[in-house]
Amino acid sequence: MKRRDFMRQAGGATAALGAGAAAASGTATAQEGGGGGQKPDFGGYTDGAKGGTYEDARGSSEVTVEVGGGGGLAFLPTELWIDTGTTVTFEWVSGGHNVLFEETPSGAGVSGHEPIESEGFSFSVTFDTGGIYKYYCDPHKSLGMLGAIAVGGEVPTVSTGGGGPKELHELGVAIQAHWVGAATILGIVMSVIFTFYLVKYGESAHTGTGR
C-alpha cells in the first residue's frame, strides 16, 4: 500500500467514525428536546406510595386503574393524568379494598366506593371537572395505598427532566456513547502510528511502484 493510499483510507475511516458519533449525538439531542419533561404536581401526596407508577393517559376516553395491584397494596397506575371527561374504571385485582377521595377540586361532585370489595369488582367515575384528585384505600392507607389523578391541562406541573446531558442509552439510542468514543479514538491512534511509521521509514519495495 502506498503512503498516500493509506492516508486516504485512514482519513476516510476516521471521518466515518466521527460522522457516526455526530449522528448518534444528534439523535440523542433530538429525543431529549422532544420529551416535554412535565408531569402533574400532586403536592407530595403519593411520595412513598406503593406502586409508584405514573401514566400520562391524555387522549384516552377510558382508563383503568387496578385496585390492589403491585403485591396487593397499590393503585396502578399510582399517578394518572387524563383529559376532562375521561372515565376511569377502578378494577379490583385483589380483595379487601375500597376507594375514598381525600381531596377533590371545588364542585367536582365525585364520590368513591366505601364498601370493602373482593377481586373482580369494579366501578367507574367520569371526571368532568379539571384539577387534582387524591384518593386512598381506607384499610391500607397507612401502608401506602394511595393514588392521585390530574384532570385537564390547567393543573400544576413539575419538571421530570434534569435539563443536563444524558447518556445515549437513557434516551433510547441503540449505540452506546462510550463505544462511539472508543472507536473514534482507536481510529485516530492507529492513523497516527501508521502515518509516523510510513513517514519515518518510507514505503516498502513491495507496496507498489507508485504509478
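That block above? That's the structure.
Chemist: What is the right way to look at the sheet that holds strand β4 (residues 74-76) in this model?
Modeler: With mixed pairing, the four strands of this open sheet are ordered in space as β4-β3-β6-β9. With one partner strand each, in any of the chains shown, β4 and β9 (122-127) form the two edges of the open sheet. Strand-to-strand, the axes of this sheet are offset by a mean angle of 20 degrees, without reference to chain direction. Here strand β6 (residues 86-92) runs beside β9; their pairing, made up of six bridges, is antiparallel. Paired with Thr-87 across the two strands is Thr-126, which belongs to β9.

Chemist: Help me understand the packing of aromatic side chains in this model?
Modeler: What describes a pair of aromatic rings is the distance from one ring centre to the other and the angle between the planes of the rings. Enumeration over the complete set of coordinates arrives at nine aromatic pairs. Taking the centre distance of 5.2 Å and the plane angle of 15 degrees together, the rings of Phe-90 and Phe-123 count as stacked. A residue pair is termed long-range when its members are at least 10 positions apart, and Phe-90 in strand β6 and Phe-123 in strand β9 qualify at 33 residues. Residues Phe-101 and Phe-127 carry aromatic rings whose centres are separated by 6.2 Å and whose planes lie at 70 degrees to one another, so their mutual orientation is edge-to-face. Of this pair, Phe-101 sits in strand β7 (residues 97-103) while Phe-127 is found in strand β9, placing the two residues 26 residues apart along the sequence. Here Phe-101 and Phe-127 have matching classes, each one buried. Taken together through their ring pairs, the aromatic side chains of Phe-75, Phe-90, Trp-92, Phe-101, Phe-121, Phe-123, Phe-127, Tyr-133 and Tyr-135 make up a single cluster. The ring of Tyr-54 has Lys-39 lying over it, and the distance from NZ or CZ to the ring centre is 4.7 Å. Residue placement shows Arg-58 over the ring face of Trp-81; its charged tip is 3.5 Å from the ring centre.

Chemist: Would you take a moment to explain the sheet that holds strand β10 (residues 131-136) for this structure?
Modeler: Working definition: the strands of a sheet are paired by backbone hydrogen bonds and lie parallel or antiparallel to each other. What the six strands build is an open sheet, ordered β2-β5-β11-β10-β7-β8; its pairing is mixed. Looking at the sheet topology across the chains shown, the edges are occupied by β2 (54-56) and β8 (113-117). Each adjacent strand pair in this sheet contributes to an overall mean axis angle of 20 degrees, direction not counted.

Chemist: Would you mind showing me how to read the pattern of salt bridges here?
Modeler: Any two side chains of opposite charge can pair, on the condition that their charged atoms come close. In the structure shown here, the tally under the stated rule is four salt bridges. Here Glu-79 and Lys-39 are joined by a salt bridge, their closest N and O atoms 2.6 Å apart. Taken together, the residues Glu-79 in strand β5 (residues 79-82) and Lys-39 in strand β1 (residues 38-40) connect sequence positions 40 residues apart. A relative accessible area of 12% places Glu-79 in the buried class. Note on Lys-39: relative accessible area 19%, which makes it buried. One salt bridge connects Lys-134 with Glu-103, and the closest N-O pair in it is separated by 3.6 Å. On the criterion of sequence distance, the pair formed by Lys-134 in strand β10 and Glu-103 in strand β7 is long-range, its members being 31 residues apart.

Chemist: Whenever I open this one, the pairing of strand β3 (residues 62-69) confuses me. Can you help?
Modeler: Moving residue by residue along a regular strand, the side chains alternate between the two faces of the sheet. Relative to β6, β3 is paired through six bridges, and the arrangement is parallel. When the sheet's bridge partners are listed, Val-63 is paired in β6 with Val-88. Joining the antiparallel neighbours β3 and β4 is a turn of four residues, in which Gly-70 adopts a positive phi near 60 degrees.

Cut-offs used in this document
For every chain, the first residue of its written sequence is number 1, and the numbers climb from 1 along that sequence. Residue-level local features of this predicted model are given only where pLDDT is at least 70; pairs of side-chain atoms are given and counted only at 80 or more, and the full residue set underlies all totals for whole chains, interfaces and linings. To get the side-chain values, take all heavy atoms of the structure and skip hydrogens and water. Strand pairing is defined by DSSP finding a minimum of two bridges between the two strands. Here a helix means four or more residues in a row that DSSP labels H or I, a strand means two or more in a row labelled E, and each is numbered from the N terminus. In this analysis an axis means a line fitted to C-alpha atoms, helices contributing only their contacting stretch, and an angle means the value between N-to-C directions, from 0 to 180 degrees. Think of it this way: a Phe, Tyr or Trp ring, Trp meaning its six-membered ring, pairs with another when their centres are within 6.5 Å, and the plane angle makes it stacked under 30 degrees, edge-to-face over 60, tilted otherwise. Working definition: with a 1.4 Å probe on protein chains only, accessible area under 20% of the residue-type maximum means buried, over 50% means exposed, and in between means partly exposed. We count a charge as sitting over a ring when the NZ of a lysine or the CZ of an arginine lies within 6 Å of the ring centre and within 35 degrees of the ring normal. The salt bridge definition used is simple: a Lys or Arg side-chain nitrogen within 4 Å of an Asp or Glu carboxyl oxygen.

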